[in-house]
Amino acid sequence: MNAFDYEAPQSVDEAISLLSAGNGNVGILAGGTDLIAQLKEGRKIDLMLDLKQIPEATALSFDEDSGLSIGAATSCSKIYGYDVVQSRYPALVDCTSLIGSIQIQNRGTVGGNFCNASPAADTPPAVIVLGSTCRIAGPNGMREVAAEDFFTGPGQSVLQSGEFLVSIQVPTPAANSGAFFLRFIPRNEMDIAVANAAASVVLDSEKTTIQEARVAIGAVAPTPLLVADAGAALVGKAVDDEDAIEAACAASRAAARPISDMRGTIEQRIHLSGVLTRRAIQGAIQRAKES
Amino acid sequence: MPGKVHVTTTINGESVEFLCEPRQTILEVLRDQLDLTGTKEGCSNGNCGACSILVDGEVIDSCLMMGVEAEGQEIITIEGVASADGLHPLQQKFLEHAALQCGICTPGFIVAAKALLDQESDPSEERIRLYLAGNLCRCTGYDKIVRAVQDAASEMAE
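Definitions and cut-offs
- Residues numbered from 1 in each chain as written.
- Chains lettered and ligands numbered in written order.
- Predicted model: local features only at pLDDT ≥ 70, side-chain atom pairs only at ≥ 80, totals over all residues.
- Heavy atoms only, no water.
- Contact = heavy atoms within 4.5 Å.
- Buried area = accessible area lost by both parts, 1.4 Å probe.
- Salt bridge = Lys/Arg side-chain N within 4 Å of Asp/Glu carboxyl O.
- Polar contact = N/O pair within 3.5 Å; in protein donor to acceptor, adjacent residues only side chain to side chain.
- Helix = DSSP H or I, 4+ residues; strand = E, 2+ residues; numbered from the N terminus.
- Nonpolar A, V, L, I, M, F, W, Y, C, P; charged D, E, K, R; others polar.
- Pairing = 2+ DSSP bridges.
- Domains from an automatic or database assignment.
- Buried < 20%, exposed > 50% of the residue type's maximum accessible area, 1.4 Å probe, protein only.

(A) Structural context of the interface of chain A and chain B. Opposite the 27 residues of chain A that make contact, chain B presents 26 residues. The junction of chain A with chain B conceals about 2,200 Å² of combined surface from both sides, 61% of it contributed by carbon and sulfur atoms. In this structure, the salt-bridge partner of Glu 58 of chain B is Lys 78 of chain A, at a minimum N-O distance of 3.5 Å. Taken together, the links from chain A to chain B amount to nine residue pairs in polar contact (both at pLDDT 80 or more). Only strand 1 (5-7), helix 2 (35-40), strand 3 (47-50), helix 4 (76-80) and helix 7 (102-105) of chain A provide two or more residues apiece to the side of chain A that touches chain B. For the side of chain A that touches chain B, the residue count by class is 12 nonpolar, eight polar and seven charged.

(B) A look at the pairing of strand 2 (residues 14-20) of chain B. Residues and elements named next belong to chain B. Two elements, strand 1 (residues 5-11) and strand 2, share seven bridges in a ladder whose sense is antiparallel. Opposite His 6, over in strand 2, you have Leu 19 as the bridge partner. In textbook terms, the turn of a hairpin is the stretch between consecutive antiparallel strands, and for strand 1 and strand 2 this stretch comprises two residues, one of which, Asn 12, has a positive phi near 50°.

(C) Fine view of the domain arrangement of chain B. Residues and elements named next belong to chain B. You can read the domains of chain B as domain 1 (5-80) and domain 2 (89-157). Of note, the centres of domain 1 and domain 2, computed from C-alpha atoms alone, are 21 Å apart. For the pair domain 1 and domain 2, the summed buried area comes to about 1,000 Å², and 68% of that belongs to carbon and sulfur atoms. Run the count over domain 1 and domain 2 and you get zero salt bridges. Taken together, domain 1 and domain 2 are joined by three residue pairs in polar contact (both at pLDDT 80 or more). Here the side of domain 1 that touches domain 2 gets three residues from one element, more than from any other, and that element is strand 3 (residues 52-55). Residue composition of the side of domain 1 that touches domain 2, grouped by class: six nonpolar, six polar and one charged.

(D) Structural detail: the domain arrangement of chain A. All names here are of chain A. Each domain of chain A was delimited in the assignment, giving domain 1 (5-53), domain 2 (55-170) and domain 3 (177-290). In this structure, domain 2 and domain 3 have C-alpha centres spaced 20 Å apart. Contacts between domain 2 and domain 3 engage 23 residues on the former and 24 residues on the latter. Three residues, Pro 119, Pro 125 and Val 129, lead the burial of domain 2 against domain 3; their summed loss comes to 29% of the area buried on that side. Inspection of the domain 2/domain 3 interface yields three salt bridges. Between Arg 214 and Glu 148 there is a salt bridge; the shortest N-O distance is 3.3 Å. Between the two partners, domain 2 and domain 3, sit 11 residue pairs in polar contact (both at pLDDT 80 or more).

(E) A look at the pattern of salt bridges. Residues and elements named next belong to chain B. A full pass over the atoms with the stated rule returns 25 salt bridges over all chains. Among the salt bridges present, the one from Asp 118 reaches Lys 114, with a minimum N-O distance of 3.1 Å. Here Lys 114 and Asp 118 lie together in helix 3 (residues 106-119), a separation of four residues that amounts to about one turn. For Asp 118, a relative accessible area of 47% translates into the label partly exposed.

In structure tokens form, the structure reads like this:
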């Protein structure tokens, strides 16, 4: 590792000052499971900026009006261990509890998963279908970006030089709603998604008709994708409308534009986009019925 | 050239101060400066778990934590697992079940298993295997390790 300075600012403002003084060559440290591995592989930085002393970046709180606030430096295990997440946001448990190992979950963060911007990242699909917002601090103050608009390419996001992700705001789930995330990997743990998917639905009070729906897929395009056509195919349809669910799966297959690599082929990933979309929708409907 | 940082932390119950460069991982500090060489370096990128330590009771890969991050934390390494009275039940059961061959992965397995048993007194075999998925062993085939952890859990529950 090359030599660098280390700072652990106590506030967002202090972090912004350090970022602007850092000439763009700053490594932002949350859990370090990506950053430190990259530094060992030769990435060079002048300053390591540790977010874990900033209250907004480590907060994990829920408010009925504003929803769930996940500080960007909050570990996956803190998130899935939080009783509100377990009871109200099970799709966040789905994704945070299957990343890497327990050792990685105790350090790695959803904020880091977003900023690392791997196309195969496991937290974005669920965060996207829950209608979340990324809160970004920069020299000109705070700005908000919808989770589905955060990613611009492999390893690339909307973050500009001098900015950092402070927190992710997840709205309070609507009545009669449910969300679900899953991925396909050839083994049970410690792997990277061949493909993944999440869905959320809001049902009517009878829990027979879908009023709102969102579907997102990952590892099948340069960025995680919100598949608007898949959600639209479900709206107004009965929860057991097989044709509607198949239309949503077809929308996901159409949206996927994967590559072939050591984890899977283009054909397999397009097929999986449909299969995982179906299972995510069915899982979300089941949870909405049980809500 | 960035200067060294003064870090105050607690390791195995004792207050410890050290100076480190920001680029040093806590694994390097433990092994090279503090002579706590029980924690092993395996892959050095968070896949193998040989360098597992507890930080505030949570198991982490020490190759993926910087030394400067130890400020104010409570760290337990393999050297802190046994008590003055003797081996921890996990250590004893690893011996009895021959749950190690070359031994390089063993400190990490014991520290990770301790984290599990500190939280859950009666984990299922599936839970043990999932919890220890971040620890790799090239010798044993894992079965003896899982039996040792199950046996230790039973003994600790008595």
